[in-house]
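Now for the letters of each chain:
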Amino acid sequence: MFGMALDAHIVSHTHWDREWYHPVERFQQRLVALVDELIADPPRDDESFLLDGQAIVVEDYLSIRPDRAADLSALLSLRRLEAGPWYVLADELIPGGEALVRNLFAGRRSLARFNATIPHVLYCPDSFGHPAALPSIAAGFGLPLIILWRGYGGPRWPAGDAVRWSAPNGDTALLYHLPRDGYEFGSHLPSGAVESAARWERMRAELEPRSTTSVVLIPNGADHHARQQNLDEAVVALGGAARSTGDSARRSSLRQFGETLVSAAAKKDLPVVRGELRDSHGYTWTLQGTFATRAAEKRMNAAAEQQLVRDVEPWAALASYRGATTRPLVEAAWRTLLSAHPHDTLCGCSIDDVASAMELRIRSARNQAEGIRDDSILRLIGHDPVAARGAKEQWQPALVVRNPSARTRSGVAVIQIEQFLRDVPVGPGSAPAVKTLDDEMAPPPGLAKNIQLLSQRDEYSLTESPCHYPDNDLVRVTTYAAWVDKIGAYAISCQPIEAGDRVSDSAPGKLSATKTSVSNDAIAVGVTEQGNIWLEDIATKRRIESLIDFIDDVDMGDLYTSSPRPRPFDVTVREKRMVVAGPLRGEFLIRFAIATADPEPRALADVSVSLVLDFGSPFVRVRVTGENHAPDHRLRMVFRSDLIGARTWADAAFGPVLREKIVISGEEAKIEAVLPTAPLHRYVSVFSDAAGATVFSDGLAEYETRDDGSMIVTLVRGVGDLSRNDIPERPGHAGWPRPTPAAQCLGPFAAEFAFMLHGSRSRETIHDIECAADDVVLPIVGTTLRAALSIPASPVKGVELDGIGLGLSAIKESEDGEWLVLRCINLCEEPTVGEWILPFDVHEARQSRLDETPTTHIAFKDRTVPILAAPRDIVTILVR
């Protein structure tokens, strides 16, 4: 009569958005009351209360109640309270794959302080979609089960509540899908027999038809809710109602539910799903409209992630072999950045106070990262700041050039030369002298001829030491473009400035420039009299006559969902001029004014576009600055290609994914429409069978691709409400309505892109795109060390990754400090081989999981460790 007999696990929990419609401080006050109650009256031995799968709530509580640490630790170690495995419940489509891995590491470290054993469940109750690589992340941390809600469900997916989810590399995890009401499905359970029978009948009607194993989860909780007050009576009543239908319903824990479900699923032949989970249309809101919300903050976060993963961790790991580890400092920087990753925070769908706090955390993480990087660079080149500060008369200024890439590179680098002007004392007697400075200074005699002056300014420069007051000088900082030839992977080259014969190697050629165009050996770019930007691939003669355009719409949406409405607008070219014309870098500036096409036009935005082409570069940089003048609108930049009906591949966590259009029914669209936009990490590419084109980005942005081959990126999306209930694309409130005037994003904005034409999708093209992404986001950089006492005679060698189609993911010190962690990704759908080349002799090499659990031994030779990568594999190797 009732079909399958259900084994229902009632798990009490709170869904704890750390900040949202209140700032973190207010929710923290409520958290203290909740946990105080749990400590005073804890769950029984066979039960638990789930602190939402994240460890940061434990830290938040103890920052107010440190006196309760022992009590809380006891409940966590006894599993009567559950937290983790995450540090924060992050958005999963905006952060990169390494940030998600650092999130799990931080959660593990935090909970280890309390002897807590995490449930073996990757708990993702409210993330707005999930990356295709999430099963790999789960498998890499020994988590066989993923529980999620949004992004999956509806007619385009299997009907059951459990499936096998396969990542691009073939790793799988068991996916358990929450009911339509998600983590609130079992909230406010009644305690009366009649009411419980009616509630169980409704719950069973949803659970039983979807159940594939008979093991089902009833989450008993809701947003920021304390434990249900009459829970004992309610569970007894629901258990009685369940028995009347031949089922069982009992208090449980997330761990018990997970173990029971995994065991039951092992006996079933479950459907397999693949790819990203960004489609729950017709089941529950997917909320894919946040990728351009508060766009500037998302770019800040992307820059901080790139900095930590690629320009801090590798240098810090290499420097650890030459002195004290900085691992605790790196972990602290990551914790700061991760505190900006909760989905309501990073997605931008919170009040303005939350957004302001998020910006401060990201700036703090970047400040920490810069300090760690700079100290690591000094340690690697053997510079002692204490000795140098006490020997100013021996200073020998040096140019320090670093290559934050795991491959040997040549190219145009931006270098900054500091020249001493005068000492600037601080304190009594520091009034300015009567004599002023000469306006002109001769360039350092060591500069070679084939460099290019870009800018010059005066500023103050501190030379610091842990044992001294800083030395404060006024210096002239001159920025040059310089050719750097074959600098090694993660290498550091030091050269004298005031002496020696060069700071750059001789470039093999130079740019060609006219008044309206600039070209190198690969591409030419120019501007017509009307302001149209054209680009041509010199080898193939492919030509884009109008590369860049703009789209400006009214946006009547909220912070969750865009609701664009086309309107007539005019784009006027205000200025176009060549800024610099070589020999190494060419730059053309075009200034646009965008206004409504009305009898009395209203200014919408001013946009300046700088086209930057370097000698030897296969792409043109597109630097954008502007001023947003109008509320409730979305400004986008169009990059046109010559590829009709092309396929879209976009960079994502642990490698690019193929993105196809989601098509839903009209009835589904009445609940939530499909938005044609998606998250842009470092690049998005379009491919035909014969050719391709790629747009690179300096950080996460929203993009859309169209059948005409255009790639459209959002520069600004301004709206003034946290949530509205009258949006046709999503009728109903997605959050508590609050005004968010700062989210209108009025005022200045900036972004940096690049555009490249290339061949069709192949292993070689994939490799070229990955290399270009490094060149765009992580260029070669040169800075001045004025206090050098000695200069290394040869470059400091780093770690090199060799292999076509292999992309660098991480070079870091292991969590236990015993290994150097080397991780790369096979970006291709075919096996490939490669090798790591180390700057030291290898004594041991082991394959490992993502969580750095060593597995098999690897045969190596001297300083070379081989890589055997299956299709789309994530290969982690530990070396000593």
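Look up a bit, the structure's there.
Residues numbered from 1 in each chain as written. Predicted model: local features only at pLDDT ≥ 70, side-chain atom pairs only at ≥ 80, totals over all residues. Heavy atoms only, no water.

**Overview of the pairing of strand S23 (residues 569-581)**
And step 1. Across 11 bridges, the pairing between S23 and strand S24 (residues 585-596) is antiparallel. Counterpart to Phe569 in the pairing with S24 is Thr596.
And step 2. Between S23 and S24, which pair antiparallel in sequence order, lie three residues; one of them, Gly582, sits at a positive phi of approximately 100 degrees. (Pairing = 2+ DSSP bridges. Helix = DSSP H or I, 4+ residues; strand = E, 2+ residues; numbered from the N terminus.)

**So, the sheet that holds S24**
The strands that make up a sheet pair up through hydrogen bonds in the backbone, lying either parallel or antiparallel.
And step 1. Ordered in space as S23-S24-S25-S26-S35-S32-S31-S28-S29, the nine strands form an open sheet in which the pairing is antiparallel. Every interior strand has two partners, whereas the edge strands, S23 and strand S29 (657-659), have only one. Strand-to-strand twist of the sheet, defined as the mean angle between neighbouring strand axes without regard to direction, takes the value 20 degrees.
And step 2. Note that strand S28 (residues 647-650) and S29 share three bridges and pair antiparallel. Paired with Ala650 across the strands is Val657, a residue of S29. (Axes fitted to C-alpha atoms, helices over the stretch in contact; angles between N-to-C directions.)

**Thoughts on the pattern of salt bridges**
For side chains bearing opposite charge, pairing can occur when the charged atoms are close.
And step 1. Inspection of every chain in the model, using the stated rule, returns 78 salt bridges.
And step 2. Beyond isolated ion pairs, a larger network of salt bridges with shared partners links Arg109, Arg327, Glu331, Lys812, Glu813, Glu815 and Glu852. (Salt bridge = Lys/Arg side-chain N within 4 Å of Asp/Glu carboxyl O.)

**Notes on the nonpolar core**
And step 1. Leu51, Val58, Tyr61, Leu72, Leu76, Trp334 and Tyr560 are the most contacted members of the largest nonpolar core, which totals 63 residues.
And step 2. Broken down by secondary-structure element, the contributors of at least two residues to this core are helix H1 (24-40), helix H2 (56-64), helix H3 (69-77), helix H4 (97-112), helix H9 (295-311), helix H11 (327-338) and helix H13 (352-380).
And step 3. Residue contributions to this core peak at seven residues, all from H1.
And step 4. With residues near it in sequence (within four places) discarded, Trp334 still touches Ala99, Arg102, Leu308, Val309 and Glu313.
And step 5. Ile533, Val609, Ala691 and Leu757 belong to the second largest nonpolar core, which has 55 residues in total. (Core = buried A, V, L, I, M, F, W, Y, C linked by side-chain atoms within 4.5 Å. Buried < 20%, exposed > 50% of the residue type's maximum accessible area, 1.4 Å probe, protein only. Contact = heavy atoms within 4.5 Å.)

**Concerning H4**
And step 1. End to end, H4 covers 23 Å across 16 residues, agreeing with the expected 22 Å (1.5 Å per residue, within 8%).
And step 2. The buried fraction of H4 amounts to 13 of the 16 residues, a majority that puts the element mostly inside the structure. (Expected span 1.5 Å × (residues − 1).)

**Considering the packing of helix H6 (residues 193-210) against helix H7 (residues 231-243)**
And step 1. In contact at an axis separation of 9 Å, H6 and H7 are set at 60 degrees when each is read in the N-to-C sense. Considering the angle they form, H6 stands oblique to H7. Two packed elements cross with a definite hand, and for H6 against H7 that hand is right-handed. Residue-level contacts link Ser196, Ala197, Trp200 and Met203 of H6 to Ala237, Leu238, Ala241 and Ala242 of H7.
And step 2. Residues of the contact of H6 with H7, tallied by class, amount to seven nonpolar, one polar and no charged. (Parallel < 35°, antiparallel > 145°, perpendicular 65-115°, else oblique. Left-handed = near helix turned anticlockwise from the far one by under 90°. Nonpolar A, V, L, I, M, F, W, Y, C, P; charged D, E, K, R; others polar.)

**A look at the packing of aromatic side chains**
And step 1. Following the criterion strictly, the structure yields 17 aromatic pairs and no others.
And step 2. Taken together, a centroid distance of 6.3 Å and an interplanar angle of 70 degrees make the contact between Trp16 and Phe27 edge-to-face. Taken together, the residues span a long stretch of sequence, with Trp16 in the loop between strand S1 (7-13) and H1 and Phe27 in helix H1 at a distance of 11 residues.
And step 3. In this structure Trp16 comes out as buried when scored by relative accessible area, which is 3%.
And step 4. Geometrically, the ring pair formed by Tyr683 and Phe696 is edge-to-face, given 6.1 Å between the ring centres and 65 degrees between the ring planes. (Phe/Tyr/Trp six-rings, centres within 6.5 Å; stacked < 30°, edge-to-face > 60°.)

**Examining the packing of H9 against H11**
And step 1. Closest axis-to-axis distance for the H9/H11 pair is 11 Å, and the angle between their directions is 160 degrees. Classified by the interaxial angle, the pair formed by H9 and H11 is roughly antiparallel. Relative to H11, the crossing made by H9 is left-handed. Along its contact with H9, which presents Asn301, Ala304, Glu305, Leu308 and Val309, the element H11 presents Ala333, Trp334 and Leu337.
And step 2. Split by residue class, the contact of H9 with H11 holds six nonpolar, one polar and one charged.

**With respect to unusual backbone geometry**
And step 1. Each neighbour pair has its own omega, and for Gly84 with Pro85 the value is 10 degrees, a cis peptide bond.
And step 2. Of note, Pro85 is situated in the loop between strand S3 (81-82) and H4.
And step 3. Cis geometry marks the peptide bond from Gly582 to Pro583, where omega comes out at 15 degrees.
And step 4. Along the chain, Pro583 falls in the loop between S23 and S24.
And step 5. Notably, His224 is not glycine yet its phi reads approximately 55 degrees, a positive angle.
And step 6. Turning to its location among the elements, His224 is positioned in the loop between strand S8 (215-220) and H7.
And step 7. With phi around 55 degrees, Arg872 is a residue other than glycine that occupies positive phi space.
And step 8. Structurally, Arg872 can be placed in the loop between strand S43 (864-869) and strand S44 (874-879).
And step 9. Given a relative accessible area of 7%, Arg872 falls into the buried group.

**A short note on the environment of His843**
And step 1. Mapped onto the elements of the fold, His843 is located in the loop between strand S40 (832-837) and strand S41 (845-848).
And step 2. Taking relative accessible area as the criterion, His843 reaches 66% and is therefore assigned exposed.
And step 3. Sequence spacing of His843 and Val879 is 36 residues, and the spatial spacing of their C-alpha atoms is 7.4 Å.
And step 4. In contact with His843, not counting residues within four places along its chain, are Phe860 and Arg880.

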